[in-house]
Amino acid sequence: MKGLAGKRVVVTGGTSGIGEATSRRFVEEGARVVALAAGELEIETARERIPGLEAALRCDVADAAQVERAFARVDGLLGGVDVLVANAGISVRRPFLEIREEEWRRVLDVNLTGVFLCAQQAARRMVAGGGVILMTASTNGLSGHPLYADYNASKAGVILLARTMALELAPAVRVNAVCPGYVLTPMQQAEYTPEMLAEVDASIPLRRHARPEEIAALFAFLASDESAYVTGAAIAIDGGETA
Ligand SMILES: NC(=O)c1ccc[n+]([C@@H]2O[C@H](COP(=O)([O-])OP(=O)(O)OC[C@H]3O[C@@H](n4cnc5c(N)ncnc54)[C@H](O)[C@@H]3O)[C@@H](O)[C@H]2O)c1
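Our subject in this report is the structure included herewith. (Residues numbered from 1 in each chain as written. Predicted model: local features only at pLDDT ≥ 70, side-chain atom pairs only at ≥ 80, totals over all residues.)

## Comments concerning the overall build of the chain
Summing up its helical and strand segments, the chain has nine helices and seven strands in all. Over its C-alpha atoms the chain spans a radius of gyration of 17 Å, differing by no more than 12% from the 18 Å that the globule rule assigns to 243 residues. In terms of overall dimensions, the chain has C-alpha extents of about 45 × 40 × 35 Å along its principal axes. Counting only residues that meet the buried cut, the chain has 49% of its 243 residues in that class. Restricting to contacts in the chain with at least 6 residues of sequence separation, those with at least 24 account for 71%. (Helix = DSSP H or I, 4+ residues; strand = E, 2+ residues; numbered from the N terminus. Rg over C-alpha atoms; globule rule 2.2 N^0.38 Å. Buried ≥ 20, exposed ≤ 12 C-beta atoms within 10 Å, placed from the backbone. Contact = placed C-beta atoms within 7 Å.)

So this is what it looks like as structure tokens:
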């Protein structure tokens, strides 16, 4: 991908699932990548699993002080940020009538406020010299999906955060939201039985989940010079689910 070699990249949730595949793809493209994540084991093993990764740092993206400290460490490691992939997220499968306030707040805190906090830190480092901010939203942010009211609201928020930032930060910084459909990752496998996965596959025009590498490829394109005219977009990558 044109223009990714030597880029200084931060990927949140960059040591599992979609984020792990994204970290790996950017390293393969010659970028220098720091991953921020929450899971202890995934962070410990990250540099073995993702050869060439500069560092995996523990950081709760919902905590402003931790995010500020993490970006200060990124400054020390990379000397700045050219690309942010704000990808960390959580989901809780729960009927609307049973969602507890603390669950609602945690999902919004991680999925929306966490993206805001990281995006603001990154954008402050980009306004002078340019950069690209990408966010993992979801097709759940484009239309209603039962049992994920908090998650869906957070992802719809991410889409309009991306669009608004794209307006305010143009032309220096491009900002886009990626909306994956169903992707086979630890998050998805934790919540769906094999029968549920098969049922989902049957409902998708391409008849399967996405592989994390397929989402990573879109992130690589959107961070590269090949997509120099793409900003303020919410791009579905969903095997035809929303068609
Ligand atoms: N898997 C899917 O089908 C699917 C579909 C659409 C969108 N998404 C979104 O893609 C993103 C990645 O999901 P995944 O499926 O790869 O899941 P995953 O569970 O494999 O990875 C989630 C990552 O986020 C990190 N994380 C969670 N809470 C965090 C916090 N508070 N601070 C910092 N890091 C935190 C985890 O440590 C992990 O690295 C999420 O935003 C998710 O909502 C997933």
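## Comments concerning the sheet that holds strand β2 (residues 32-37)
Sheet architecture is open: seven strands sit in the order β3-β2-β1-β4-β5-β6-β7, paired in parallel fashion. Of all strands in the sheet, those with a lone pairing partner are β3 (55-58) and β7 (234-237), marking the two edges. Each strand of the sheet is rotated relative to its neighbour by a mean of 20 degrees, with strand direction disregarded. Bridging between strand β4 (residues 83-86) and strand β5 (residues 131-136) involves four bridges; their strand directions are parallel. (Pairing = 2+ DSSP bridges. Axes fitted to C-alpha atoms, helices over the stretch in contact; angles between N-to-C directions.)

## Points about the site of the ligand
Around the ligand, a shell composed of 32 residues is seen, among which Gly 13, Gly 17, Gly 89, Thr 185 and Met 187 lie nearest. Residue composition of the shell around the ligand, grouped by class: 15 nonpolar, 15 polar and two charged. (Near = placed C-beta within 6 Å. Nonpolar A, V, L, I, M, F, W, Y, C, P; charged D, E, K, R; others polar.)

## Notes on the packing of helix α4 (residues 64-78) against helix α5 (residues 101-126)
Pairs of packed helices are described in terms of their axes, by the angle between the two and the distance that separates them. Taken N-terminus to C-terminus, the directions of α4 and α5 make an angle of 35 degrees; their axes are 10 Å apart at the nearest point. α5 is crossed by α4, and the crossing has right-handed handedness. Here α4 contributes Ala 64, Val 67, Glu 68 and Phe 71 to the contact with α5, which in turn contributes Leu 117, Cys 118 and Gln 121. Class assignment for the residues of the contact of α4 with α5 results in five nonpolar, one polar and one charged. (Left-handed = near helix turned anticlockwise from the far one by under 90°.)

## Focus: the nonpolar core
Core analysis: the largest hydrophobic core is formed by 73 residues, its most contacted members being Leu 84, Ile 133 and Leu 134. The biggest single contributor to this core is α5, with nine residues. Discounting residues that sit within four places of it in the chain, Ile 133 has contacts with Leu 84, Ala 86, Ala 119, Ala 122, Ala 123, Met 165, Val 173 and Val 175. (Core = buried A, V, L, I, M, F, W, Y, C linked by C-beta atoms within 7 Å.)

## Some details on helix α6 (residues 149-169)
An ideal rise of 1.5 Å per residue puts 30 Å on 21 residues; α6 measures up with 30 Å between its terminal C-alpha atoms. Every buried residue of α6 is accounted for by Asp 150, Tyr 151, Asn 152, Ser 154, Lys 155, Val 158, Ile 159, Leu 161, Ala 162, Met 165 and Leu 169. Residues of α6 that are buried in the fold lie against α5, β5, β6 (173-180) and β7. (Expected span 1.5 Å × (residues − 1).)

## Topic: unusual backbone geometry
The amide bond that connects Ala 170 to the next residue, Pro 171, takes the cis arrangement and shows omega of 0 degrees. Of note, the phi angle at Leu 147 is positive, near 75 degrees, even though the residue is not glycine. Positive phi values are uncommon outside glycine, yet Arg 207 reaches one of about 65 degrees. If you trace the backbone, Arg 207 turns up in the loop between α8 (194-203) and α9 (212-223). Classification of Arg 207 by C-beta neighbours within 10 Å gives exposed; the count is 10.

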